[in-house]
Amino acid sequence: MSPLVLETTPAPAALESIATPGLWFGTIAAVIALLVFDFVVTRKPHEVSFKEAVGWSAFYIALPLAFGGWVWAAHGSEIGVKYYTGYIVEKSLSVDNLFVFILILSAFAVPRILQQRVLLIGVAGAIILRGVFIALGASLIATFDWTFLLFGAILLATAVKVFRDAQSTEDEHVDPSNMRIVKMMSKVFPVTGEYHGSKATVTMNGRRALTPLALVMAAIITTDVVFAVDSVPAVFGITSDPYLVFATNAFALLGLRALYFVLEGALSKLVHLGYGLSVILGFIGIKLVLHWAHGVWPGVPTVPTTWSLLVIVGVLAVTVATSLRASKKAELAALQEEHPAFIDPTPGPGRPGPGA
């Protein structure tokens, strides 16, 4: 018997969920309350210190981990593993979101004191869009047997694109004037040439005008649509429970604002993140295709969630390790090029190190 046949999966039309109406209501209310609280915190624009960002990041990581503990205790280890696996996948993809956010904020020259407000708008928009996509995805799964095949194809195509993007040696940049949403909004409303604090619109020459803040928020939300197309099928590849799909998405996104200020300096060092994400997306895409094929031909093996967790964590660990190593080599090479007399202080083959 194939070692992969370790998990029986329900038919696509049988969408089982751990959530009661009360749990759905409580979770949505909690997400809204956290968003409102974040809006209150960011109501007065200010620069976010590293200490503040770390504190909020710790809170928004501890919260989903604790919730996962409750899921595990209340619904068993199998459901708990699915929750944690889905959360890790979504958190990994949210870090990829941060790369794009950095490019957009830089392209629009967003003042640092306004950046967290822009990010929060993006997070709120992303959660709403993910909710819509999750509802559509769950409806498709419950209606059509081939939905998992469609989701698998989307992820495989995305994996190829992400891999090609990772191979690109061109410097990534965003030109706001070439963005469709910016062109559309600029045709309808006049746009001021400078920011006006946290205001999205102002009155100029007796007419309502948009500020650059309105344009950058629209650009962020537009990119949220693209990311939702990738992330929702990815977590449906881990669990078909709409509640767990929503919870993992919401928890991964809620801490994105603070995580941005923690990782903005370190993100440039994750040079292999694109390769790692492409492998993860491709793996989940294959898992979805096998899931669909198993429903048509029962002899086709499926991939257990535990295997998925091990593969995903393993890929992320290797990605981070190789990224940091490559970044260190690049920094040393740059130093040696700038200062020919520079000696690498790290011991290694042929390098005895200082004081030897």
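Residues numbered from 1 in each chain as written. Predicted model: local features only at pLDDT ≥ 70, side-chain atom pairs only at ≥ 80, totals over all residues. Heavy atoms only, no water.

The protein carries the name Membrane protein Rv2723 in an unreviewed UniProt entry, which gives Demequina sediminis as its organism. Annotation of the protein in UniProt includes, under Sequence similarities (unreviewed entry), the sentence "Belongs to the TerC family." Its UniProt record, at the heading Subcellular location (unreviewed entry), says of the protein: "Membrane". (UniProt positions renumbered as here; feature names shortened; annotations may be inferred.)

**Q** Now, about the overall build of the protein: what can you tell me, with residues and values included?
**A** When its secondary structure is counted, the protein shows 11 helices and two strands. Across the protein, helices and strands are ordered from the amino to the carboxyl terminus as α-α-α-α-α-α-β-β-α-α-α-α-α. Per-residue burial for the protein yields a buried fraction of 44% across its 356 residues. A separation threshold of at least 6 residues defines the contact pool for the protein, and within that pool the share at least 24 residues apart is 78%. (Helix = DSSP H or I, 4+ residues; strand = E, 2+ residues; numbered from the N terminus. Buried < 20%, exposed > 50% of the residue type's maximum accessible area, 1.4 Å probe, protein only. Contact = heavy atoms within 4.5 Å.)

**Q** Explain the nonpolar core to me, using residue names and the numbers behind them.
**A** In terms of nonpolar packing, the biggest core is built from 84 residues, with Phe108, Val216 and Ile284 touching the most fellow members. Here the element with the most residues in this core is helix 7 (residues 212-236); it accounts for 12 residues. Setting aside residues no more than four positions away along its own chain, Ile284 makes contact with Val89, Leu155, Ala234, Gly237, Ile238 and Ile312. (Core = buried A, V, L, I, M, F, W, Y, C linked by side-chain atoms within 4.5 Å.)

**Q** Give a description of the packing of aromatic side chains that names residues and reports values.
**A** This structure, assessed with the given rule, holds 17 aromatic pairs. Judged by centre distance (5.5 Å) and plane angle (35°), the rings of Phe67 and Trp70 are tilted. Remark: Trp70 and Phe67 occur in helix 2 (residues 50-75); sequence separation between them is three residues, near one turn of the helix. Judged by its relative accessible area of 38%, Trp70 is partly exposed. Judged by centre distance (5.9 Å) and plane angle (85°), the ring pair of Trp292 and Trp297 falls under edge-to-face. Taking the relative accessible area as the measure of exposure, Trp292 reaches 22% and is therefore partly exposed. Feature note: the residues Trp24, Phe67, Trp70, Trp72, Tyr83, Tyr84, Tyr243, Phe246 and Phe251 constitute an aromatic cluster, connected by ring pairs. (Phe/Tyr/Trp six-rings, centres within 6.5 Å; stacked < 30°, edge-to-face > 60°.)

**Q** Please give an account of unusual backbone geometry that cites residues and values.
**A** For Ala109, which is not glycine, the phi dihedral falls at a positive 50°. Assignment of secondary structure puts Ala109 in the loop between helix 3 (77-107) and helix 4 (112-143). We classify Ala109 as exposed; its relative accessible area is 55%.

**Q** Please give an account of a nonpolar patch on the surface that cites residues and values.
**A** Residues Ile28, Ile32, Val36 and Val40 make up a contiguous nonpolar surface patch of about 330 Å² in total accessible area. Residue position: Val36 is located in helix 1 (residues 21-41). By relative accessible area, which is 48% here, Val36 ends up partly exposed. (Patch = residues over 30% accessible without salt bridge, like charges linked within 9 Å, V, L, I, M, F, W, Y side chains within 5 Å. Areas by Shrake-Rupley, 256 points an atom, 1.4 Å probe, with all protein chains shown as cover. Salt bridge = Lys/Arg side-chain N within 4 Å of Asp/Glu carboxyl O.)

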